[in-house]
Amino acid sequence: MMNHFMVLAVLLPLRTCYTTYLQQESTVFPVNYLSISKDLALQRLLVEWDVGKSAHDAELAMSFEIQVRRTDETTTVWTEFHNVTLDKSGKPLHWIWDSDLPLECMSHSVRIRSKAEASKIWSQWSLWETVLGLDTSNNSGPQIFPNEKIVEEGSDITLCCIGRKDQIIKEFFLSPAVHVFNRTNSQVGLLTVKNVARQKVPHITVYCKESCNEEQCYDQAVFFVGKPPDTPNDFSCQTQDMRTVTCTWSQGGDTYLYGRHSPKYTLSEEFSQKTVPCTVSCSEQCSCSWDIGQQRTCNITVTVENPLGKKTATDVFDVTHRIYPAAPFQLWEECTDTEITLYWKHRNKEIELFCQTEVLHPDGKVELHNSSATHLPYASITLGGLQPYTEYTARVHCGAAKHFWRWSEWSEARTIRTKEATPSGKLDIWREITPVLGGRNVTLFWKQAPSFRANGRSISYEVTWEKVEGGSKPESISVSSVYNSTRISIDNHSYIISIMAKNNVNYSLPSRLIIPRATGTEELKEEQVNGTDDGIFISWEPRRIYDSYIIDWCNFPMLQPCDLQWKRFGPNTSSALINSAAFVPGVRYNFRIYGSVANRASLLEKKTGYLRELPPLRDPTVEVELTFNAVTLSWDSYLTNESQPGFIRGYHVYVSPIQEDCSLKGSKKHVLPDDSVLCKYTIENPEEKRYIVKHLLSNTKYKLVVKAYTGGGETPIVNFRYIDTPFNSNMLYLLVLLVIVPVLVAAVCRWKMKWVKECCCPVIPSPNKSKVLSFKEFKIGSEKVLKISDCIPDMLAVDNKAEAQKLHPWSQLSPMPTEDKIDGHNSSWLCPNDNGEREFTPTAIPQTHTWFENFAYSSHFAVEPDACQIPETLEASKPELSVVLYQPHYYFDIFNEDAASTPRVTAGRKTNLRYISQTDVHCLGRRL
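Caption draft 1: Structural context of the overall build of the chain. Scanning the chain from N- to C-terminus turns up eight helices and 57 strands. A buried classification covers 39% of the 928 residues belonging to the chain. At a minimum sequence separation of 6, the contacts of the chain that also span at least 24 residues come to 66%. Entry remark: accessible area of the chain is about 53,200 Å², with carbon and sulfur atoms responsible for 52%.

Written out as C-alpha cells, the structure reads:
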C-alpha cells in the first residue's frame, strides 16, 4: 500500500510537467501588430510588430521569420529569421532592413510569422504591410532615384527611373558609359552597376527619357564615386612655450571627393568633453593650434569624416614632455686659423635646452657637436681642430634638456672661413728634360700632394735652381698660382732644383729634385701593355737601390702641351693600375718608369698601351701586280704607329671569285653575313706588308680586300677591290702548237698538194685517159687496135683470155699456154720486157681492164719481123702468122697491187719491171 502511494507521488508531477510542455508546444503566438515605415535618407525599412501579452508574461524565447517583397515582383526579395527573448515590459519589437534599391522606386511589403523556440509550430503569416513608392504617384515628369548619391569605389549601386502614368521609359543610361545590368517595365526602369570604378570625370551622370519628346520627358541625376577617409597618420601634439599646443598629422590617401563632400576634420579634448577651438589647415601635413591655458595633461582626438565613413586617432600626453623648442636665431662667430666659436640666441629662456651644432667640412664630412644652453640671452660653442683658411658651414638646433621630445628646426646655416697660416706639407714636383743645342730645356711641373695645404688666399710658387758642384749663384723665378708648370734652361751640368709654395704668411717646405749631368743614354725598347675596364696595368722589375718609383704619362698624347701626369710609388711596389678620367679607348698612351734615389731619377723602362684597342680606322691602300694564276699585294705605305687606335697585330687577306664562293688552296673559309664565302689568309707579322695569293684561275674576275687587325679586331668588310687575271700565255703557246701549226702544215700541204703527191704518192695514170687511144687507124670491129710500130711498151696485160682470142684472129692458130687457166677465172697478166723466162705465179684479177699486146715479145722467129707492118699485110698473111706469133711468157697486173700473191712476186715486180709512160707514145690500141 505504501509502495502504491509512493509511485503515485512520483508520476503525478511528471504528468503535470508533460502536460505543460505539450501545451507550450502546441500554443502559437501570432503577430497581432505590424507597422512599416521608411527612412529615405538612409534607404531603410523600419519594421515594428508585437505578439500577445501572454507571450511577454511567459518571457518566451521566440523566432520570427520576416519576408520582404516589392510590388512588381512575385517572389520574396529578402527573408530573415529574427530571434528574441520577450520580457514583461510588453514593448514592441523592431527590425531594420537596408534596401539595395531606392525605396522611392516601388512599393515594399513586409509580413511576419512567429514560433516559440520550444515549439515546432509556426503561426499564420500576418497580412502584408505595404509602404508605397513613388511609382504609385502621379508625377509631372520622369524621376531618377537616388537623385544624388555618394558611392564607395568597388561597391554596387542600383538606380531607377520612375515614369509618369501611361508613359514608357525609352532610354535610361550613364555617362561616361559603364557596363550596367538594366531591366525595365512599362513605367519603372532599373540600372545596376557592379563594382563601381572611379572615372576621370568628377561624377557620373544618369539620363532618363520617356517615349515622348517634350521637355518634361527628360530627367537626369549625378552620383559620385570615392573612398572613405584613411585614419590620420603620425598624429601627435607638442608645444614650444607650454601654452600653445599644436597637433599635426598626415591626411592619408585621396578620397576623390571634393568640395562639400571632401573630408572634414574635427578635434576634441576628451577630458573636458569639448571641441578644440582651432582651424585645421592642410598642405603636406595637417595642423591645428590652440591655447591650452594652464592645462598640463591632454587627451586629444582627431576625427576625419566624409559621406562614406569616418576615422579617428587619439594622442594622450603631458605638455611638459612634449616641448618642441623654437629654432635658434641670430648666429655669429669668432675664429682663428684652427678654431671657431659660434654664438646664437633662443626664444625659450625659461626652458632648459640641450643644443647640437652641425659642422660641414669642404670634403662633405659632417660633424656634430653637443652643448648645453645657459639662461643667458645667448648660447655658444667652440669648434676646434679645424684647417687654416678653410670654409666650414655650421647650423644649430635644440631640444628640451629634461623630458627630451624632439629637436627644434635647424637654424639658418652660416658659412665661416678660418684665418690663414703657413703652407703645410710639400709640393709633389716632376720634370721633363728636352736636349737642345748647348744644353737642356727642363719643364718643371708641380701639384699639391695629399699632405700639402696652401693655408692661404694668395699663393705663388718660388722656383730655384743651382749647379750641384757649386761655385754658381742660385737662380730663381716666381710663378703665379694660376700655373702649375714652368720651363727653365740649363747647361749639361748636374743641377738641383727646389720649388716652394708661398702665401701671405710664409713659405712651405721646399721640394727638391736633381737633374743629372747630360750623358749619352741607351734607347730603351717600348714594351706593350694591356688595358682593362679600370685602367692600364703597368709592371716593372724592381731594383733594390731605389727608394721610390715614378711613372709619368700624357693624358692627351696628341696635343701640346699633353697634360703630363705622374704618380709615385714606394720601394716595395712593382706594379700599378694607372687610371685617369681622360683615358679613352683607341688612344695609345706611353708610360715611362723611373727609379729615384736621393731625389735623383733614372729612366728604367718604357711601356705603351691602350685602355681598349679599337679596330683600325682605315684599310691598307693596296698595290696589285697580276699574273695569270697569282696576284701580288703590297701596302708599304700603311702606318703601324701611334696614329692607329690599336696595336697592328697583322693582316687578313680576303679573296673570292665574283661569281662563286672561294676554295683556294692554303686558305681558310670566311663567311660573310650574307652567307657568301671568302678565302682568308692571315699575316701575323705587322711589318710584313707584301703577300702573294696563288692558285688563281686565269682570265677570271676576283674581288679582294686587305684588312689590318688589332687587339680590338677589324672593321667590317664593306668595299672590295676587283681584279681580272690575264690570259695564260702558256696555254696560248700550247694552243698554237696543237692547233695553228697543224693547220698551217695542212694549208701548205694543200697548196703544194701536187708536189707532195708526186713526191709521196705518184699518181698512176689511167689508160682511159692515155693519148694512145686517140688514134683512128686499125680497127677490129668497133674496137681500136694499137699499132705496134707506133710505140714500144715495156709490159703487156691481158684482162680476159676469151676477149683476147676474139681480138686476135691468130689466136686460134697458136693455143695459149695451159697455165693461163687458173681456177676457172678470167685473169689479167703482166710480163716484163726482157726475154728471159722466170718462175712466176700468175694472180687472178676479178675485174676487167684495158689490155695491150706487143707482138715483139717472146718471138720464135729467127728473124725479127717488120715492126711497122700494116694491118692489111697482117690480115693477108694470117695463115702464115700462126707459126711466127709471139706469145707473152709472163703476165703481171699493173692495176691491182693485191694481185701479187706472195712477197716474192711483189718484190720481183718492183725490181724487174720498169714503167714508161705511154701518154706521149702515139700508137694504136684497143679498149675493152
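Caption draft 2: Layout of the packing of aromatic side chains. Evaluated as defined, the whole model comprises 25 aromatic pairs. Ring centres of Trp249 and Tyr265 lie 5.6 Å apart, and the angle between their planes is 50°; on these two criteria the pair is classed as tilted. Of this pair, Trp249 sits in strand β17 (residues 244-250) while Tyr265 sits in strand β18 (residues 264-269); the two residues are 16 residues apart in sequence, bridging distant segments of the chain. An identical accessibility class is assigned to Trp249 and Tyr265; each is buried. Centroid distance Trp332 to Tyr343: 5.2 Å. Interplanar angle 10°. Geometry classified as stacked. With a gap of eleven residues between them, Trp332 in strand β24 (residues 329-335) and Tyr343 in strand β25 (residues 340-345) connect regions that are remote in the sequence. Owing to a relative accessible area of 15%, Tyr343 belongs among the buried residues under this scheme. Among the aromatic residues, those joined into a cluster by ring pairs are Trp540, Tyr546, Tyr549 and Phe569. Above the plane of the ring of Trp122 lies Lys115, whose end atom (NZ or CZ) is 5.5 Å from the centre. The side chain of Lys447 reaches across the aromatic face of Trp566, ending 4.5 Å from its centre.

Caption draft 3: How the structure looks around the sheet that holds strand β28 (residues 378-383). Spatial strand order, β24-β25-β28: three strands in an open sheet with antiparallel pairing. Whereas interior strands pair on both sides, the edge strands pair on one side only; in this sheet they are β24 and β28. The average angle at which neighbouring strand axes cross in this sheet is 20°, direction not considered. Where β24 and β25 come together, five bridges link them in antiparallel fashion. Note that in β25 the partner of Cys335 across the bridge is Ile340.

Caption draft 4: Summary view of the nonpolar core. If you look at the biggest cluster of nonpolar residues, it comprises 22 residues, and the most contacted ones within it are Leu45, Val47, Trp49, Val51, Met62, Val110 and Ile112. Of all the elements in the fold, those that place two or more residues in this core are β1 (31-39), β2 (44-51), β3 (61-70), β5 (93-98) and β6 (108-116). Once residues within four sequence positions are removed from consideration, Val47 is found in contact with Leu34, Ser35, Ile36, Leu93, His94, Trp95, Val110 and Ile112.

Caption draft 5: Main features of the environment of Glu284. When you line up the elements, Glu284 lands in the loop between β20 (281-282) and β21 (286-291). The exposure class assigned to Glu284 is exposed, which follows from its relative accessible area of 77%. Residues Glu284 and Ser250 lie 34 residues apart in sequence; the distance between their C-alpha atoms is 7.5 Å.

Caption draft 6: Geometry of the pattern of salt bridges. For the structure on display, the rule yields 24 salt bridges. A salt bridge links Arg417 to Glu391, with the shortest nitrogen-to-oxygen separation between them at 3.0 Å. Of this pair, Arg417 sits in strand β30 (residues 414-417) while Glu391 sits in strand β29 (residues 391-400), placing them 26 residues apart in sequence. On the basis of relative accessible area, Arg417 is assigned to the partly exposed category, the value being 35%. Overall, Glu391 belongs to the partly exposed group, its relative accessible area being 41%. Beyond isolated ion pairs, a larger network of salt bridges with shared partners links Glu527, Arg543, Glu605 and Lys607.

Procedures and definitions
Residues numbered from 1 in each chain as written. Predicted model: local features only at pLDDT ≥ 70, side-chain atom pairs only at ≥ 80, totals over all residues. Heavy atoms only, no water. Helix = DSSP H or I, 4+ residues; strand = E, 2+ residues; numbered from the N terminus. Buried < 20%, exposed > 50% of the residue type's maximum accessible area, 1.4 Å probe, protein only. Contact = heavy atoms within 4.5 Å. Areas by Shrake-Rupley, 256 points an atom, 1.4 Å probe, with all protein chains shown as cover. Phe/Tyr/Trp six-rings, centres within 6.5 Å; stacked < 30°, edge-to-face > 60°. Lys NZ or Arg CZ within 6 Å of the ring centre and 35° of its normal. Pairing = 2+ DSSP bridges. Axes fitted to C-alpha atoms, helices over the stretch in contact; angles between N-to-C directions. Core = buried A, V, L, I, M, F, W, Y, C linked by side-chain atoms within 4.5 Å. Salt bridge = Lys/Arg side-chain N within 4 Å of Asp/Glu carboxyl O.

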